[in-house]
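The lines below spell out each chain.
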Amino acid sequence: MLKPSMLSDSNPERSLTTADRLARLLGWFSIGLGIAEMAAPGRIAKAVGLEGKETLLRAYGGREIAAGVGALSVDAGPAMWGRVAGNLLDLGTLAVGLKQNEDEEKRRYAGYAIAAMVGVTLLDLYVASKLTQERSRSRGESRDYSDRSGFPTGSRGRSGHCQRPCQPGRLPGGAAARRWLLRDDPVSGSFQTHAAGSRLRREALARRKRIAPAAYLPAHPGHARRLCHAGLHPTKTLAEQQRDIRLCKDHGTLSEPLEPIAALSIAYECLEKKGYQRGRSTPALP
Amino acid sequence: LQVWGAGPVGQFAIRSAILLGAKQVVVIDRLPERLAMAEAAGAITINFEDESVVERLNELTDGKGPEKCIDAVGMEAHATSTPDAFYDRAKQMVMLETDRPHVLREMMYVCRPAGILSIPGVYGGVLDKFNFGMAMNKGLTFRMGQTHVNRWTPDLLRLIEEGKIDPSFVITHSVPLSEGPGMYRTFENKQDDCIKVILKP
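Note that the structure is predicted; figures quoted are calculated from it, not measured. (Residues numbered from 1 in each chain as written. Chains lettered and ligands numbered in written order. Predicted model: local features only at pLDDT ≥ 70, side-chain atom pairs only at ≥ 80, totals over all residues. Heavy atoms only, no water.)

1. Examining the overall build of chain A
Working step 1: Helix and strand content of chain A: ten helices and zero strands.
Working step 2: Ordered by position in the sequence, the α and β elements of chain A form the string α-α-α-α-α-α-α-α-α-α.
Working step 3: Relative to its full complement of 286 residues, chain A shows a buried share of 38%.
Working step 4: Within chain A, counting contacts between residues at least 6 apart in sequence, those at least 24 apart form 64% of the total.
Working step 5: As displayed, chain A has an accessible area near 16100 Å², and 57% of this comes from carbon and sulfur atoms. (Helix = DSSP H or I, 4+ residues; strand = E, 2+ residues; numbered from the N terminus. Buried < 20%, exposed > 50% of the residue type's maximum accessible area, 1.4 Å probe, protein only. Contact = heavy atoms within 4.5 Å. Areas by Shrake-Rupley, 256 points an atom, 1.4 Å probe, with all protein chains shown as cover.)

Shown next as structure tokens:
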């Protein structure tokens with residue numbers, strides 16, 4: 001059953017390695033042995049001098065079948081280690097049988113069984129460790145993928161550096177501004193109750209057309225940097241800008257909790273005092 | 001927007017999202033080389049073996065969860081330390097379950113109410129312990145399929161022609177067809193930082 005070609009582990013033309021094939025073989029062997037132990041525990045017990053331990057043998061049979069099913073699955077590793085442990089248990093049980101028995105013939109059979117078990121255990125151990133070794137990720141030299149953005153124009157997505165000089169952005173205007181500063185939850189959409197129906201439709205359309213809100217708000221400092229935006233303020237760091245925005249937003253909504261438009265202009269005034277610039281078409285003052 | 005899995009599908013999900021104007025793209029994986037590639041496109045990365053996905057997501061979304069979730073993992077999730085991962089492994093071992101839907105469960109849990117779950121990750125059969133009541137009562141939308149290739153091919157080819165994206169970034173290995181089986185092994189075991197293989201006949 002073992003052909004020389006199977007023994008070359010790194011043969012690139014085969015997807016199953018020797019260990020994979022042996023695991024499969026041992027899986028079927030395990031199931032066969034399990035069925036024998038389940039079906040005829042009496043005869044086996046008699047042969048190796050374990051009379052009175054039929055129930056135990058049946059349980060071992062169940063274990064063998066479970067390990068066999070595992071060894072036949074795609075991930076045979078854990079089941080093979082389970083087989084190694086189970087075999088040690090079997091060996092212990094056989095040794096007890098050998099010790100307790102006086103009958104010369106039965107002792108001989110138990111001896112054969114132990115010899116066979118030792119052989120199978122060694123094979124199991126080889127397959128289990130081989131599988132574990134083959135499945136492990138080699139910790140060799142790792143490759144560098146940090147330049148693989150996939151964006152050839154490089155205007156966005158290049159990590160760590162800008163292709164173009166970064167310009168500070170402006171505070172967003174129009175519908176984007178309201179959404180950006182006032183809406184807490186896109187589901188409840190609290191600001192929408194203040195907007196007329198037709199304007200709502202226009203905004204929905206604008207929302208669909210609008211691209212790259214990353215230009216407005218540095219959602220995450222690292223992210224914004226990678227997308228090559230200096231943010232909204234020429235000198236402050238992104239974390240500082242985020243704090244300013246949060247503070248002014250809270251200031252606006254606390255001053256005018258029921259009037260989102262008024263709250264927005266208060267927030268914008270607050271931000272302007274801190275040196276931020278409005279974009280075009282910022283919402284009119286009420 | 002949140003992407004689970006930074007394999008080739010996940011990598012393109014990230015870039016598509018950025019091209020479509022996503023404000024914040026977060027990606028979850030456990031392999032450093034894949035996270036590095038995702039980061040190159042501008043995504044925020046979470047290594048689920050080092051940090052808690054739910055905690056980090058709460059932090060990034062002000063506790064509201066992502067609006068859109070993409071499962072680019074599918075049935076062979078490699079969640080390592082969660083109870084449901086052990087459960088799925090055990091059931092799969094004795095052939096009582098075909099898939100390991102850890103990612104789907106997590107998406108339903110973290111996604112914002114009325115959010116969208118998009119599932120290009122492949123599932124093969126029977127899923128277990130699937131909290132559909134949670135998805136129903138959060139009003140989630142499920143979209144799935146093997147990425148509707150025919151529908152989008154012309155649009156995507158145009159993006160390449162216009163120079164908006166260069167899909168070759170994802171290719172890490174290029175081998176003759178005869179070495180295919182061995183390369184499958186390398187890919188399956190995530191060796192040699194393998195992400196995408198091109199087989200040359």
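2. Points about the overall build of chain B
Working step 1: Along the backbone of chain B there are eight helices and eight strands.
Working step 2: Taken over 201 residues, chain B has a buried fraction of 49%.
Working step 3: Restricting the contact set of chain B to residue pairs at least 6 apart, pairs at least 24 apart contribute 61%.
Working step 4: As displayed, chain B has an accessible area near 9800 Å², and 59% of this comes from carbon and sulfur atoms.

3. Topic: the packing of aromatic side chains
Working step 1: Here the structure, examined in full by the defined rule, presents four aromatic pairs over all chains.
Working step 2: Relative to A:Tyr112, the ring of A:Tyr109 has its centre 6.4 Å away and its plane inclined at 80°; by these criteria the two rings are edge-to-face. Placement of the pair is A:Tyr109 and A:Tyr112 together in helix α5 (residues 104-135), with a separation of three residues, close to one helical turn.
Working step 3: With relative accessibility at 52%, the residue A:Tyr112 sits in the exposed group.
Working step 4: A network of ring pairs unites the aromatic residues B:Phe130, B:Phe132 and B:Phe142 as a single cluster. (Phe/Tyr/Trp six-rings, centres within 6.5 Å; stacked < 30°, edge-to-face > 60°.)

4. Focus on helix α1 (residues 8-19) of chain B
The α-helix winds at 3.6 residues per turn, so residues separated by three or four positions along the chain end up facing the same way.
Residue and element names in this part refer to chain B.
Working step 1: Here α1 contains twelve residues, and its C-alpha end-to-end distance of 17 Å stays within 8% of the 16 Å for a straight helix at 1.5 Å per residue.
Working step 2: Within α1, the full set of buried residues consists of Pro8, Gly10, Gln11, Ala13, Ile14, Arg15, Ala17 and Ile18.
Working step 3: Next to the buried residues of α1 lie β1 (2-4), β2 (26-29), α2 (32-40) and β4 (68-71).
Working step 4: Once α1 finishes, Gly21 follows within two positions and takes phi at roughly 95°, a positive value. (Expected span 1.5 Å × (residues − 1).)

5. Description of the nonpolar core
Residue and element names in this part refer to chain B.
Working step 1: Counting residues in each nonpolar core, the largest one holds 20 residues, and the members touching the most others are Trp4, Ile46, Leu57, Met107 and Leu117.
Working step 2: Contributions of two or more residues to this core are made by β2, β3 (44-47), α3 (53-60), α5 (102-110) and β5 (116-119).
Working step 3: Broken down by element, the residue count for this core peaks at five residues, all from α5.
Working step 4: Of all hydrophobic cores here, the second largest spans 17 residues; its members include Ala6, Ile18, Ala22 and Val25. (Core = buried A, V, L, I, M, F, W, Y, C linked by side-chain atoms within 4.5 Å.)

6. What about the confidence of the model for chain A?
Residue and element names in this part refer to chain A.
Working step 1: Predicted confidence across chain A gives a mean pLDDT of 70, with 62% of residues reaching 70 or more.
Working step 2: Across chain A, the secondary-structure element scoring lowest on mean pLDDT is helix α8 (residues 221-226), at 40, and the one scoring highest is helix α1 (residues 18-39), at 91.
Working step 3: Predicted confidence is poor over residues 1-8, with pLDDT under 50, and the contacts of this stretch with residues over four places away or in other chains come to seven contacts.
Working step 4: Contacts of residues 155-167 to residues separated by more than four positions or lying in other chains number 34 contacts, the stretch itself having pLDDT below 50. (pLDDT = per-residue confidence, 0-100.)

7. Here we look at the sheet that holds β3(B)
Either a parallel or an antiparallel arrangement is found when strands of a sheet pair, and the pairing is made through backbone hydrogen bonds.
Residue and element names in this part refer to chain B.
Working step 1: Spatial strand order, β3-β2-β1-β4-β5-β6: six strands in an open sheet with parallel pairing. Only two strands of the sheet have a single partner each, and these edge strands are β3 and β6 (141-144). Averaged over all pairs of adjacent strands, the angle between their axes in this sheet comes to 20°, without regard to strand direction.
Working step 2: When β1 meets β2, the two strands line up parallel, connected through three bridges. Note that in β2 the partner of Trp4 across the bridge is Ile28.
Working step 3: Packing against the sheet, α3 makes contact with β1, β2 and β3, and its axis sits at approximately 160° to β3. (Pairing = 2+ DSSP bridges. Axes fitted to C-alpha atoms, helices over the stretch in contact; angles between N-to-C directions.)

8. So, the confidence of the model for chain B
Working step 1: Across chain B, the average pLDDT comes to 89, with 100% of residues at or above 70.
Working step 2: Scored by ipTM, the complex comes to 0.73, with pTM at 0.61.

9. Re the pattern of salt bridges
Working step 1: A full pass over the atoms with the stated rule returns 19 salt bridges over all chains.
Working step 2: As a salt-bridge pair, B:Arg158 and B:Asp155 come within 3.5 Å of each other at their nearest N and O atoms. Of this pair, B:Arg158 and B:Asp155 both sit in helix α7 (residues 149-161), separated by three residues, roughly a single helical turn.
Working step 3: Each of A:Arg63, A:Glu64, A:Arg83, A:Asp90 and A:Asp124 takes part in one network of salt bridges that share partners. (Salt bridge = Lys/Arg side-chain N within 4 Å of Asp/Glu carboxyl O.)

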